Amino acid sequence: MTRKWPTLVFSIVMFIIALLMLFPFLLMVVTSLKTMGEIQSPTFTFIPKHWLFDNYSIAMGRGDWLQYFYNSFIVTGVTVAFSLVFNSMAGFAFARLRFPGRDVLFFSVLIGIMVPSQATMIPTFLMMKMFPFFGGNDWQGQGGFGFINSYTGLVLPFIAGSFGIFLCRQYFLNFPRALDEAAQIDGANVYRVFFQIYLPLSKPILATLAIFKTTATWNDYMWPLIMTNTEHMRTVQLGLTIFRSETNVEWNLLMAATTLVVLPLVLLFLAAQKYFVQGIVTTGLK
Amino acid sequence: MNSVNSAAAASKVTTSKSRRRAPIDKAGYLFIAPGYLVYFAFIFIPLLVGLYYSFTNYNFYSTPAFVGFDNYVRLFHDKLFGTAVYNTFIYSLFSIFPQMALGLLLAVLLNGKLRGRLFARVSVYIPNVTSMVAVSMIWLWIYDPSLGILNRVLKTFGLAPVQWLYDPSTAMAAIIIMGIWKSIGYTMIVYLSGLQSIPASLYEAAHMDGATKVRQFFAITIPMLKPTTFFILVMSCINSFMVFEQVNILTNGGPLNTTTTIVHQIYLRGFQDFQMGYASAMAMVLFVITLLITLLNFRLGNKGNDTDVD
Amino acid sequence: MKKRKALLTTLCVTVLASIALSACGSSNATEQLNPKSGEGGNKTLTFWRAGTDAPEKAYWTRVIQEFEASHPGVKVNYSEVPFGNDMETKLNAAYASGTAPDVLSYTLASVAQRANLGQYEPLDAYTDKWDGKSDVMESVLNTGTYKGKVYGLGFIPDPRVLLWRKDLFEAAGLDPEKPPASWEELAKDAELLTKKDGNTTVMAGLAIPTANAWTFWQSFVLQNGGKIIDADKNEPLFDSSESIEATQYIVDLVKKGITIPNDSAKSNENLFPNGKAAIAYDSPAAYVNTQKDHPELAGKIGVSGPIERKTKATFAGMRLLFMSSQSKQKDLAFEFMQTVMSKEETWNRYKELGTPVVLNSLKDDYIKDKPEMNQAVFDAVSYGEGAAKVTYSSKMYEIISQHLEAAFYNTKTAEQAMKDAAAELKKELPNLITN
């Protein structure tokens with residue numbers, strides 16, 4: 001049983017690494033349970049003197065957090081759902097299908113990742129405002145507010161993206177040709193190949209994409225900032241600014257709210273990461 | 001094993017035959033349509049608009065007036081922008097490789113059945129999931145010269161405290177360390193999903209041939225991960241070139257401009273000084289730099305079309 | 001057959017989804033935004049304020065409720081935006097798309113740029129007919145004036161006064177009731193009060209920001225009789241000998257280590273409220289916050305007006321009410337502004353938020369309420385100056401702060417810093433003055 005030793009050492013090393021990675025987060029949680037005096041005191045103590053779980057209810061009482069979470073859930077859920085479908089379809093096409101202009105089109109998609117959002121934010125905003133027929137606009141996009149301050153405005157520009165298409169394409173490239181050939185011999189057309197063969201085998205990449213897209217959308221601050229005007233439409237990231245004033249930051253409440261804001265993402269990760277199970281793809285070959 | 005080999009061999013024969021009359025999958029256009037349309041409308045067109053702005057003196061309000069290449073000429077002589085470009089390169093150089101290597105290592109280690117694997121995976125990923133604002137503020141404390149953890153640790157070892165974010169020689173290093181910490185989870189996850197597509201049969205065969213785990217890692221894992229590595233490399237290059245949020249919160253470009261980056265300059269010129277035309281020119285330059293680097297990656301990575309396809 | 005089915009399904013789903021999304025989106029939100037007056041004289045006024053803190057939110061909620069009650073048929077849409085460049089971004093998007101708010105509560109630093117662009121509406125036509133105008137302190141009216149026209153009504157001043165820790169003074173053997181009255185005394189006291197741990201300063205004798213130091217620096221330059229810029233000729237004046245003398249004074253203190261490096265743009269690093277400084281130029285809000293977070297310091301903080309060297313001067317920020325030139329409810333907007341500027345509301349603001357008063361008629365009551373502090377604050381408001389009113393002020397102060405930083409880090413002398421900053425500004429000016 002000499003095999004047990006390396007695994008034990010392994011586990012301990014991993015535990016230490018995990019703790020190091022987790023440390024700032026622990027710091028955040030611990031800060032949320034202190035008083036401001038404790039936080040600013042020159043003598044630093046990690047463990048709070050009194051565990052002020054009340055800070056959490058105080059923080060949540062400071063704004064309409066139920067509404068903020070609701071908005072974030074809707075926006076993130078819809079965006080991720082659409083992007084999973086659209087990105088995987090496009091990625092599949094770029095990776096497995098042959099059609100003229102394929103590589104040029106793919107490369108043009110990559111261009112989108114290389115531009116900072118600060119440069120495209122305002123033109124996109126103007127487009128959302130002048131979208132014809134919606135939000136009181138006439139056919140020329142004048143006169144109303146278009147998609148400003150609406151869920152559509154928050155979701156629409158993000159339901160597909162260069163990153164997702166790229167990720168899916170790379171993943172689908174990995175599949176052996178034998179898979180397509182076998183399917184074609186069975187007489188399946190492209191749609192069946194995608195929906196009935198590739199998609200079921202795509203759980204790892206869909207899980208990965210879901211995690212990334214959810215994180216990006218949930219943590220997005222700038223776009224909801226310029227897109228929303230009323231408290232009713234605020235997302236959780238905007239809600240966090242309540243604890244910051246021009247002269248002061250209420251650290252304990254801010255950290256409490258931040259912990260709650262991060263929690264759904266952690267839970268999602270816990271749920272999705274079980275799809276990283278080895279051997280899903282290969283079972284098809286045997 | 002053999003059936004796979006013969007199937008692969010057979011498919012190679014059929015592929016070369018059918019290539020002469022390569023069928024066009026018209027469905028391809030349909031598949032890419034929704035994604036491409038959204039991309040085109042909300043990213044490509046604003047990009048073109050940005051390109052247009054870069055040749056004007058747009059200030060967000062008045063009608064932009066055409067100024068030709070003035071913005072670009074000015075960029076060329078802008079010392080601050082030059083510093084920003086240099087800083088961005090330094091940041092990218094020192095954060096990409098550690099983050100990829102560590103991410104790969106952790107993915108491999110956490111792929112097998114290990115006790116506490118879930119705990120470790122979650123811990124490594126949480127930094128990536130926490131918003132940059134929260135993370136930056138926590139690291140502001142960690143780096144605090146008098147109260148921060150780092151300096152306290154140094155003190156217990158009898159070393160002099162470091163000014164971290166206020167010392168021009170350490171500020172960029174401090175930002176890089178935080179950047180790596182935040183991004184390891186990201187590379188780990190992508191590698192984890194890439195690892196799933198490597199057939200277990202390959203490892204079994206190697207094991208039967210007597211290869212050690214380390215040998216397997218270098219002979220099987222790394223080559224089979226090429227598309228994934230390629231992807232991560234391209235994304236890491238692009239992402240690190242766009243570093244902005246942590247600079248904005250932790251150091252605001254200082255001290256002595258040692259941490260200002262290209263996107264930080266775009267933000268300042270555009271949204272603080274109202275010089276959107278100039279900022280757009282900067283964005284175009286950033287775009288060209290990233291494009292060149294991506295092209296370089298594609299050339300070296302053989303278009304990322306490594307395995308069994310076409 | 002299957003192909004067409006798949007195609008149709010995808011199309012239907014997409015169309016349905018987008019309709020559903022836009023329907024639920026627009027029905028509850030965009031209608032709120034729409035300021036078109038509907039049937040029966042229903043008017044909507046949009047009001048944005050910079051700042052997201054809770055006490056002020058409660059204040060505005062009350063004011064808006066009362067305004068709506070006294071103006072039947074009027075609905076005020078209230079929105080809060082975080083301070084800083086976030087607000088700038090949002091305002092830029094709003095003005096570019098014609099969706100700017102009717103009334104805006106924002107900073108003095110925005111006046112020159114946005115008035116020049118024509119985003120803020122000149123208010124003279126309204127203020128000339130307003131009898132409350134004569135009651136507003138002259139310095140306050142000046143903050144909202146640009147090139148001779150009134151663009152904003154200042155209503156929440158943010159002056160810098162001298163704060164000091166009486167307990168630390170006592171412990172060091174200084175008279176806790178006597179703050180330093182000259183630059184020399186300030187330097188002496190600050191050195192005495194500085195505490196170091198090896199080479200690191202742990203208690204700053206005087207809180208000097210090392211990054212974004214321009215607000216601090218400007219007070220000293222003005223106190224020494226120096227000037228910042230000639231706004232009409234666009235010529236920097238901060239490389240004069242008075243200004244260099246002031247800069248040298250500050251740089252010497254920093255090099256002696258009497259401050260802890262900090263960035264004035266980061267509110268959480270403010271030394272005095274964090275208990276890390278013995279003397280500071282700070283706002284009355286810092287006075288309140290320090291005692292709130294450290295109850296043991298109640299009554300141990302002194303407040304006085306800034307040191308007068310050659311002239312009385314200090315930095316004074318201001319929050320003003322602006323009207324959008326794109327507004328379709330200009331009369332109503334000014335009515336709202338009038339309400340906020342009324343004697344009643346100004347006093348309410350003092351009582352509820354602790355902000356200094358801006359009306360001459362309230363001066364006596366204000367000072368009587370807290371004589372030990374409010375006299376100093378009122379004076380600071382009357383001779384305080386904010387950011388120079390030029391359209392390129394943010395870039396100018398960025399240049400100055402960066403050269404100051406270089407002097408603090410000992411890569412150039414104070415004199416060189418000022419001269420280099422002036423030279424760089426002159427070089428940049430052609431790029432900055434475009435409209």
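Structure shown above.
Residues numbered from 1 in each chain as written. Chains lettered and ligands numbered in written order. Predicted model: local features only at pLDDT ≥ 70, side-chain atom pairs only at ≥ 80, totals over all residues.

1. Structural notes on the overall build of chain B
The helix and strand inventory of chain B stands at 14 helices and 0 strands. Going from N to C terminus, chain B has its helices and strands arranged as α-α-α-α-α-α-α-α-α-α-α-α-α-α. Looking at the 310 residues of chain B, the share that counts as buried comes to 47%. (Helix = DSSP H or I, 4+ residues; strand = E, 2+ residues; numbered from the N terminus. Buried ≥ 20, exposed ≤ 12 C-beta atoms within 10 Å, placed from the backbone.)

2. Quick word on the overall build of chain A
Within chain A, the secondary structure is distributed over 14 helices and 0 strands. When the helices and strands of chain A are listed from N to C terminus, the series reads α-α-α-α-α-α-α-α-α-α-α-α-α-α. In terms of overall size, chain A is more extended than a compact globule, its C-alpha atoms giving a radius of gyration of 24 Å where 286 residues would be expected to give roughly 19 Å. Along the three orthogonal principal directions, the C-alpha set of chain A runs to about 80 × 70 × 30 Å. The buried share among the 286 residues of chain A stands at 53%. (Rg over C-alpha atoms; globule rule 2.2 N^0.38 Å.)

3. Concerning the nonpolar core
Counting 286 residues, the largest nonpolar core has C:Leu163 and C:Leu206 as the members making the most contacts within it. The biggest single contributor to this core is helix 8 (residues 171-196) of chain B, with 15 residues. For this core, the two domains that each supply at least three residues are domain 1 (39-159 + 317-385) and domain 2 (161-316 + 389-432) of chain C. Ignoring sequence-local partners within four residues, the contact set of C:Leu163 consists of C:Phe272, C:Ala280, C:Asp282, C:Ala286, C:Tyr287, C:Ile301, C:Gly302 and C:Val303. (Core = buried A, V, L, I, M, F, W, Y, C linked by C-beta atoms within 7 Å. Domains from an automatic or database assignment. Contact = placed C-beta atoms within 7 Å.)

4. Looking at the interface of chain C and chain B
Chain C puts 28 residues into the contact, and the matching count from chain B is 24 residues. For the side of chain C that touches chain B, the secondary-structure elements that each account for two or more residues are helix 1 (2-33), helix 3 (85-97), helix 4 (111-117), strand 9 (200-206) and helix 16 (393-408) of chain C. Broken down by element, the side of chain C that touches chain B gets its largest block of residues, 6 residues, from helix 3 of chain C.

5. Thoughts on the interface of chain B and chain A
The interface of chain B with chain A comprises 83 residues on the first partner and 78 residues on the second. Tallied by class, the residues present in the side of chain B that touches chain A amount to 54 nonpolar, 24 polar and 5 charged. (Nonpolar A, V, L, I, M, F, W, Y, C, P; charged D, E, K, R; others polar.)

6. A word on unusual backbone geometry
Residues and elements named next belong to chain B. In the segment running from Gly254 into Pro255, the intervening peptide bond is cis, with an omega of -10 degrees. Looking at the element boundaries, Pro255 is found in the loop between helix 12 (245-251) and helix 13 (262-272). Located in the positive-phi region is Asn257, a residue other than glycine, with phi close to 60 degrees. Here Asn257 is to be found in the loop between helix 12 and helix 13.

7. Re helix 9 (residues 214-223) of chain C
In an α-helix, one turn spans 3.6 residues; hence positions three or four apart end up facing the same way. All names here are of chain C. Counting buried positions along helix 9 gives 10 out of 10 residues, so the element sits mostly inside the fold. Considered for burial, the residues of helix 9 that qualify are Trp214, Thr215, Phe216, Trp217, Gln218, Ser219, Phe220, Val221, Leu222 and Gln223. The first or second residue beyond helix 9 is Gly225, which carries a positive phi of 85 degrees.

8. Let's talk about the pairing of strand 9 of chain C
Residue and element names in this part refer to chain C. In terms of burial, strand 9 is largely enclosed, as 5 of its 7 residues are buried. Of the strand pairs in this sheet, strand 8 (residues 195-197) and strand 9 are connected by 3 bridges, and their pairing is antiparallel. The residue of strand 9 that forms the bridge with Lys196 is Thr201. Taking the residues between adjacent antiparallel strands as the criterion, strand 8 and strand 9 are bridged by 2 residues, where Gly198 takes a positive phi near 75 degrees. (Pairing = 2+ DSSP bridges.)

9. Let's talk about the sheet that holds strand 7 (residues 161-165) of chain C
Sheet strands associate in pairs through backbone hydrogen bonding, adopting either a parallel or an antiparallel arrangement. All names here are of chain C. Taken together, the 5 strands give an open sheet; going across it, the order is 8-9-12-7-13, and neighbouring strands pair in mixed fashion. Unpaired on one side and paired on the other, strand 8 and strand 13 (301-304) mark the two borders of the sheet. Ignoring which end each strand starts from, the neighbouring axes of this sheet average 25 degrees apart. Note: strand 9 against strand 12 (residues 277-282), 2 bridges, orientation parallel. Bridge pairing in strand 12 places Leu206 opposite Ile279. Against the sheet, helix 8 (residues 183-193) makes contact with strand 9 and strand 12, and its axis sits at roughly 150 degrees relative to strand 9, the strand it touches most. In this fold helix 11 (residues 284-293) packs onto strand 7, strand 12 and strand 13, with an angle of close to 170 degrees to the strand it touches most, strand 13. (Axes fitted to C-alpha atoms, helices over the stretch in contact; angles between N-to-C directions.)

10. What to know about the pairing of strand 14 (residues 314-323) of chain C
Residue and element names in this part refer to chain C. For strand 14, the tally of buried residues reaches 10 of 10 residues, placing the bulk of the element in the interior. Because side chains alternate across strand 14, one face comprises the buried residues Thr314, Ala316, Met318, Leu320 and Phe322, and the other comprises Phe315, Gly317, Arg319, Leu321 and Met323, equally buried. Of the strand pairs in this sheet, strand 6 (residues 152-159) and strand 14 are connected by 7 bridges, and their pairing is antiparallel. Looking at the pairing, Leu153 lines up with Leu321 of strand 14. Looking at chain direction, strand 14 and strand 15 (residues 384-385) are connected through 2 bridges and run parallel. Within the sheet, the bridge partner assigned to Phe315 lies in strand 15 and is Glu385.

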